[in-house]
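Observations on chain architecture
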Amino acid sequence: MWSPSVKSEFVTPTAASPAVQALTVETTPLDDVRQLIPFLDPRHPLLWLRRGDGIAGVGEAVRLEFTGPTRVTDAADAWRTLAAAATVTDPVRLPGSGLVAFGSFAFADESEQASVLIVPRVVIGRRAGRSWLTRVSVADASAEAPRDGGAAPAAALPKPTAFGPEFRLTMAPGQLSAAGYGEAVASVVARIAAGEVGKVVLSRELRAHLPAGADVRRALVELALGYSDCWTFAVDGFVGASPETLVRVTAGRVDAQVLAGTAARGANAETDARAATTLSASSKDRAEHAFAVDSVLESLRPHTRALESSAPFTLKLPNLWHLATDVVGTLADGSSALDLVAALHPTAAVAGTPRAAALAVIRELEPFDRGRYAGPTGWIGADGSGEWAVALRSAQIAPDGDLTAYAGGGIVADSDPVLEVAETTMKFRPIVEAFG
Ligand SMILES: C=C(O[C@H]1C=CC=C(C(=O)O)[C@@H]1O)C(=O)O
């Protein structure tokens, strides 16, 4: 149960967060800030942005790391404790103002990649023409005075910085080549025919190396401009532009947009319209989509009332068409956005059906750790509100500059290996073009 409290003074340490920190958080309104990206740290950007609205974080006031099967529920618990110990002044009261943490979680229980919640020292936010600045300062719960002297008084906007030099990366196949991916797809189709599993989402990776000191904001600008209807994100070196909303919680309302089923865009208006019509009529894509919608409804139902889903429709993105379904409901049990993320992940849009069997096939056929690809990425607020995407069309940048990009697709009984390879190539486009 989520019981919002932003004024509590007393903190109980938890296993996930042994030294609980008391945060002082102050949000002040700003004149409209149209561009958030120039304010980011070029090498450690924290960003959540769609259609020009979102939040940009600078610095780290708190960093919590989680691993293993309970990583999301541990994070939800740790966040409750941290938020309850914070003193928050927030006259703006918009989604993303006040105390927020950016988060990104590994896809797999056994992943070596840490899952994180990061509370920035400074957040600049923008929503519907209103902007704000949030400053965060930290004190140990036991300490008498804040370590860094308390929240800075409501202050001027931090300065945007000039972009570093342009760079272009060449991506090379990773541990699973395009041909190897085609073979893995054929193997999944055979397992489906044998009745072992209904659907499996398989992926492959591309690799590159970022020059020392590269300004990652350049790629974020490309993603945000090229894919403005997607969630452009950057958290702890993990960047992307995902079209899929895993879940949003705002003022007791819960919504999601499920995507599964993909077609190439046509070369002209006529073939493009035909591609969309063919996609919505395709029994293969509709089957793939239905698995994903069912898994989301099943996970959200215990936490919501009046949960409804739209009929599937075609969603146009610059690089492809998707089949999409909108889901909306009312929060019934006080869950936070992270509680719902824990209930939802991994959906059948990124794992398959039945879930356990599909995950076993992924472990067997993908010779790499997905890291945070296809995991939940987004933000959580002090009152449990938040916005989370399924982290698709994404890449992880390691501290040494190694970059790994990921793309996959849902494999069902009628999937064709050649077409599935082509689909992953289309899905790599946002990242390949942003860095290339
Ligand atoms: C697994 C990915 O996409 C998922 C989301 C939308 C459509 C999908 C598909 O048509 O296969 C996938 O389920 C990816 O982009 O890497």
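- For the protein chain, an unreviewed UniProt entry supplies the name isochorismate synthase and the organism Gryllotalpicola kribbensis.
- According to the UniProt record, the Catalytic activity (unreviewed entry) comment for the protein chain reads "chorismate = isochorismate".
- Reading the Sequence similarities (unreviewed entry) entry of the UniProt record for the protein chain gives the comment "Belongs to the isochorismate synthase family."

1. Topic: the pattern of salt bridges
- Overall, the coordinates contain 28 salt bridges when judged by the stated rule.
- The salt bridge involving Arg80 is made with Asp77; its shortest N-O contact spans 3.2 Å. Taken as a pair, Arg80 and Asp77 lie in helix H1 (residues 71-84) at a separation of 3 residues, close to a single helical turn.
- For Asp77, a relative accessible area of 40% corresponds to the partly exposed category.
- With its nearest N and O atoms 3.2 Å apart, the salt bridge here joins Arg274 to Glu270. Taken together, the positions of Arg274 and Glu270, both in helix H4 (residues 269-281) and 4 residues apart, correspond to about one turn of that helix.
- On the basis of relative accessibility, which here comes to 58%, the residue Glu270 falls in the exposed class.
- What emerges from the salt-bridge pattern is a single network uniting Glu60, Arg63, Glu65, Asp236 and Arg372.

2. Overview of the site of the ligand
- Around the ligand, 18 residues are found, and the nearest of them are Thr262, Ala349, Tyr373, Arg393 and Gly410.
- Between an oxygen atom of the ligand and a side-chain N or O atom of Glu288, the distance comes to 2.9 Å.
- Separating an oxygen atom of the ligand from a side-chain N or O atom of Arg393 is a distance of 2.7 Å.
- The residue inventory of the shell around the ligand, partitioned by class, reads 7 nonpolar, 6 polar and 5 charged.

3. Regarding the environment of Lys284
- The topology assignment puts Lys284 in helix H5 (residues 283-300).
- The class for Lys284 is buried, based on a relative accessible area of 15%.
- Dropping the residues within four chain positions of it, Lys284 is found in contact with Gly410, Val412, Asp414, Ser415 and Glu420.
- Reaching out from Lys284, the side chain makes a polar contact with the side chain of Glu288 at a distance of 3.0 Å.

4. Focus on the environment of Gln113
- Tracing the backbone shows Gln113 in the loop between strand E6 (100-104) and strand E7 (115-119).
- Overall, the relative accessible area of 24% leaves Gln113 in the partly exposed class.
- A C-alpha to C-alpha distance of 22 Å links Gln113 and Gly409, two positions 296 residues apart in sequence.
- Residues within four places of Gln113 in sequence aside, it is in contact with Ala106, Asp369, Gly371, Arg372 and Gln396.

5. Description of H1
- Compared with the 20 Å implied by 1.5 Å per residue over 14 residues, the 20 Å span of H1 between its first and last C-alpha is a close match.
- Taken together, the buried positions of H1 are occupied by Arg71, Val72, Ala75, Ala76, Ala78, Trp79, Arg80, Thr81, Leu82 and Ala83.
- Buried residues along H1 sit against strand E1 (21-30), strand E4 (62-66), E6, E7, helix H6 (337-344) and strand E20 (376-381).

6. Overview of the confidence of the model for the protein chain
- In the predicted model, the protein chain carries a mean pLDDT of 92, and the fraction of residues at 70 or more is 92%.
- Between residues 1-18, whose pLDDT stays under 50, and residues either more than four places distant or in other chains, the model counts 44 contacts.
- Counted against residues more than four places away or in other chains, residues 143-154, with its pLDDT under 50, gives 19 contacts.
- Reported confidence for the predicted complex is 0.98 by ipTM and 0.93 by pTM.

7. Here's the deal with the UniProt feature "domain: Chorismate-utilising enzyme C-terminal" (unreviewed entry) in the protein chain
- In the numbering used here, UniProt assigns the feature "domain: Chorismate-utilising enzyme C-terminal" (unreviewed entry) to residues 179-427.
- End C-alpha to end C-alpha, residues 179-427 measures 17 Å, and it is 35% helix and 35% strand.

8. Some remarks on the pairing of strand E22 (residues 394-397)
- Covered by surrounding structure in E22 are Ser394 and Gln396 together with Ala395 and Ile397, the residues of both alternating faces.
- As paired elements, strand E13 (residues 238-242) and E22 share 3 bridges and run antiparallel to each other. The residue bridging Val239 from the neighbouring strand is Ala395, located in E22.
- Hairpin connection between E22 and strand E23 (residues 402-411): a loop of 4 residues separates the two successive antiparallel strands, and Gly401 in this loop has a positive phi of roughly 95 degrees.

9. Digging into the packing of aromatic side chains
- Within this structure, the stated rule accounts for 6 aromatic pairs.
- Considering the side-chain rings of Phe167 and Phe435, the 6.4 Å spacing of their centres and the 40 degrees angle between planes classify their relative orientation as tilted. Remark: Phe435 occurs in helix H8 (residues 417-435) and Phe167 occurs in the loop between strand E9 (130-140) and strand E10 (172-173); sequence separation between them is 268 residues. The exposure classification of Phe167 matches that of Phe435, with both residues buried.
- Pairing Phe368 with Tyr406 gives two aromatic rings, centres 6.1 Å apart and planes at 40 degrees, and the pair type is tilted. Separated by 38 residues along the polypeptide, Phe368 in the loop between helix H7 (355-365) and E20 and Tyr406 in strand E23 bring together distant segments of the chain.
- Judged by its relative accessible area of 6%, Tyr406 falls in the buried class.
- An aromatic cluster of at least three residues, connected via ring pairs, comprises Phe368, Tyr373 and Tyr406.
- Note that Arg50 overlies the ring of Trp231, its terminal NZ or CZ placed 4.0 Å from the centroid.

What counts, and where the lines are drawn
- Residues numbered from 1 in each chain as written.
- Predicted model: local features only at pLDDT ≥ 70, side-chain atom pairs only at ≥ 80, totals over all residues.
- Heavy atoms only, no water.
- UniProt positions renumbered as here; feature names shortened; annotations may be inferred.
- Salt bridge = Lys/Arg side-chain N within 4 Å of Asp/Glu carboxyl O.
- Helix = DSSP H or I, 4+ residues; strand = E, 2+ residues; numbered from the N terminus.
- Buried < 20%, exposed > 50% of the residue type's maximum accessible area, 1.4 Å probe, protein only.
- Near = heavy atom within 4 Å.
- Polar contact = N/O pair within 3.5 Å; in protein donor to acceptor, adjacent residues only side chain to side chain.
- Nonpolar A, V, L, I, M, F, W, Y, C, P; charged D, E, K, R; others polar.
- Contact = heavy atoms within 4.5 Å.
- Expected span 1.5 Å × (residues − 1).
- pLDDT = per-residue confidence, 0-100.
- Pairing = 2+ DSSP bridges.
- Phe/Tyr/Trp six-rings, centres within 6.5 Å; stacked < 30°, edge-to-face > 60°.
- Lys NZ or Arg CZ within 6 Å of the ring centre and 35° of its normal.

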